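What follows is the residue order along each chain.
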Amino acid sequence: MNFRNEMLNEICKEKGIRIEYLSQKYILRLTKGDITRHIFGPYWDINSASADRLACDKAGCYAVLNNCKVPAIEHKLFFNPLQRAYLLDNEGNMPNALAYFEANNSQVVAKPNQGAQGRDVYYCDSPKVLEHAMHTIFTTEPDVALCPYYPIYTEYRVFYLNEHAHYMYGKVKGDTWKHNLSQGAKAFEFNDSSIKEKLAKLAIQGAKAIDINFATIDIASLENNELVILEINSGVQAQHLLEQLPHRRNTIKGIYAEAVGKMFGNGPLPK
């Protein structure tokens, strides 16, 4: 079942919006009156192009968050030597990557700089593993992002829309070291108002720093309960969440309905 399409079909019917399914239902075209908007997979016609690209660029997003003094996990950029050789210095990637590796207790995570859903993400605890990970990612991606490895105790995801944190849940690891629901992690809900308040504050700070309107924001809880932003996702997805927590369908539908309203002018939909 495609929860996104099912809920959006209901929302558009309720709001009198025409919905068309294009490209094997991956692209949705929404029309009411003389206004037309699109939803391209998990990407909604609600964010500026620059905000969308910043969120999709792990190193770039970190650079902006760090500049705005928003607590975040560092992501360092390395260019593909085949696709972006003109951006590399004479030493190439590996001397700088190994220096970064050694400066971070010989434990880093290598990932596609514009990756998603935990694909091609490697824990590197030796130079050999690091080199293999970077070479593997470079076979399909233009850039690699390295970040320090932290033992993340809990990861949280916050649904952010229109300057508010609307819903949040936690993620615990499954059989792997990753916290992605698509990689076997488990979603859980919690009621600690103190943690919710801190998560909301940090998520709003991060979203405003990159000037994004609609996103899910992943926040890691480190030692001493320190909260830091891991990633901001401009692609808003809830498929795996609703497979695990189906009782939250109306919660997500409500967020989607507000997002649709935002796409059509932030007020009453045009007649």
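Use the structure listed above.
Residues numbered from 1 in each chain as written. Predicted model: local features only at pLDDT ≥ 70, side-chain atom pairs only at ≥ 80, totals over all residues. Heavy atoms only, no water.

Draft legend 1. Representation of the layout of surface pockets in the model. Roughly 930 Å³ of internal volume is contained in the largest pocket. Surrounding the largest pocket, 48 residues form its lining, Q117, G118, N180, D218 and E231 being those nearest its centre. For the lining of the largest pocket, the secondary structure elements donating two or more residues are helix 2 (49-56), strand 6 (108-112), strand 8 (143-148), strand 9 (154-161), strand 10 (164-172), strand 12 (214-221), strand 13 (227-233) and helix 7 (239-244). Counting residues per element, the lining of the largest pocket draws most heavily on strand 13, at four residues. Grouping the amino acids of the lining of the largest pocket by side-chain chemistry returns 22 nonpolar, 14 polar and twelve charged. Computed from the structure, the second largest pocket encloses a volume of approximately 260 Å³. Every residue lining the second largest pocket is counted, 14 residues in all, and those nearest its centre are N2, R4, G41, Q237 and Q239. Elements represented by at least two residues in the lining of the second largest pocket include exactly helix 1 (3-15) and helix 7. No other element matches helix 1, which puts three residues into the lining of the second largest pocket. The class makeup of the residues in the lining of the second largest pocket is eight nonpolar, four polar and two charged. (1 Å grid on protein atoms, 1.4 Å probe; cavity = no way out; pocket = protein on both sides within 12 Å on 5 of 7 lines; lining within 4 Å. Points joined across faces, edges and corners; volume = space filled by probe spheres on them. Helix = DSSP H or I, 4+ residues; strand = E, 2+ residues; numbered from the N terminus. Nonpolar A, V, L, I, M, F, W, Y, C, P; charged D, E, K, R; others polar.)

Draft legend 2. Fine view of the packing of aromatic side chains. Going through the model one piece at a time under the given rule, you end up with nine aromatic pairs. When the ring of F188 is compared with that of F190, the centres are 6.3 Å apart and the planes differ by 55°; the resulting orientation is tilted. Counting every residue linked through ring pairs, the aromatic cluster contains W44, F214 and Y256. Geometry around Y21 places K25 over its ring, the cationic atom sitting 5.6 Å from the centre. One residue, K196, lies across the ring of F190, its end atom 5.7 Å from the ring centre. (Phe/Tyr/Trp six-rings, centres within 6.5 Å; stacked < 30°, edge-to-face > 60°. Lys NZ or Arg CZ within 6 Å of the ring centre and 35° of its normal.)

Draft legend 3. Expanded view of helix 2. All buried positions along helix 2 are accounted for by A51, D52, A55 and C56. What you see down the axis of helix 2 is that its buried residues fit within an arc of 130°, all on one side. Facing away from the buried side of helix 2, by more than 90 degrees, are the exposed residues A49 and S50. Here the buried face of helix 2 lies against strand 4 (43-44), helix 3 (58-67), helix 6 (193-210) and strand 13. (Buried < 20%, exposed > 50% of the residue type's maximum accessible area, 1.4 Å probe, protein only. Arc of directions from axis to C-beta. Contact = heavy atoms within 4.5 Å.)

Draft legend 4. Molecular detail of a nonpolar patch on the surface. A contiguous nonpolar patch, built from Y26, F40 and Y43 and spanning about 300 Å² of accessible area, is present on the exposed surface. Summarising the element assignment, F40 is placed in strand 3 (residues 35-40). (Patch = residues over 30% accessible without salt bridge, like charges linked within 9 Å, V, L, I, M, F, W, Y side chains within 5 Å. Areas by Shrake-Rupley, 256 points an atom, 1.4 Å probe, with all protein chains shown as cover. Salt bridge = Lys/Arg side-chain N within 4 Å of Asp/Glu carboxyl O.)

Draft legend 5. Representation of the sheet that holds strand 5 (residues 76-79) within the structure. Pairing in this open sheet of four strands is antiparallel, and the strands run 5-8-6-7 from one edge to the other. Bordering the open sheet on either side are strand 5 and strand 7 (122-124), each of which pairs with just one other strand. Between one strand axis and the next, the sheet turns through 30° on average, direction left out of account. (Pairing = 2+ DSSP bridges. Axes fitted to C-alpha atoms, helices over the stretch in contact; angles between N-to-C directions.)

Draft legend 6. Structural view of the packing of helix 3 against helix 6. Contact pair helix 3 / helix 6: the axes reach a minimum separation of 9 Å and the direction vectors enclose 105°. Judged by the inter-axis angle, helix 3 sits roughly perpendicular to helix 6. Across the interface between the two elements, C61, V64 and L65 from helix 3 touch G206, A209 and I210 from helix 6. Of the residues that constitute the contact of helix 3 with helix 6, the class distribution is five nonpolar, one polar and no charged. (Parallel < 35°, antiparallel > 145°, perpendicular 65-115°, else oblique.)

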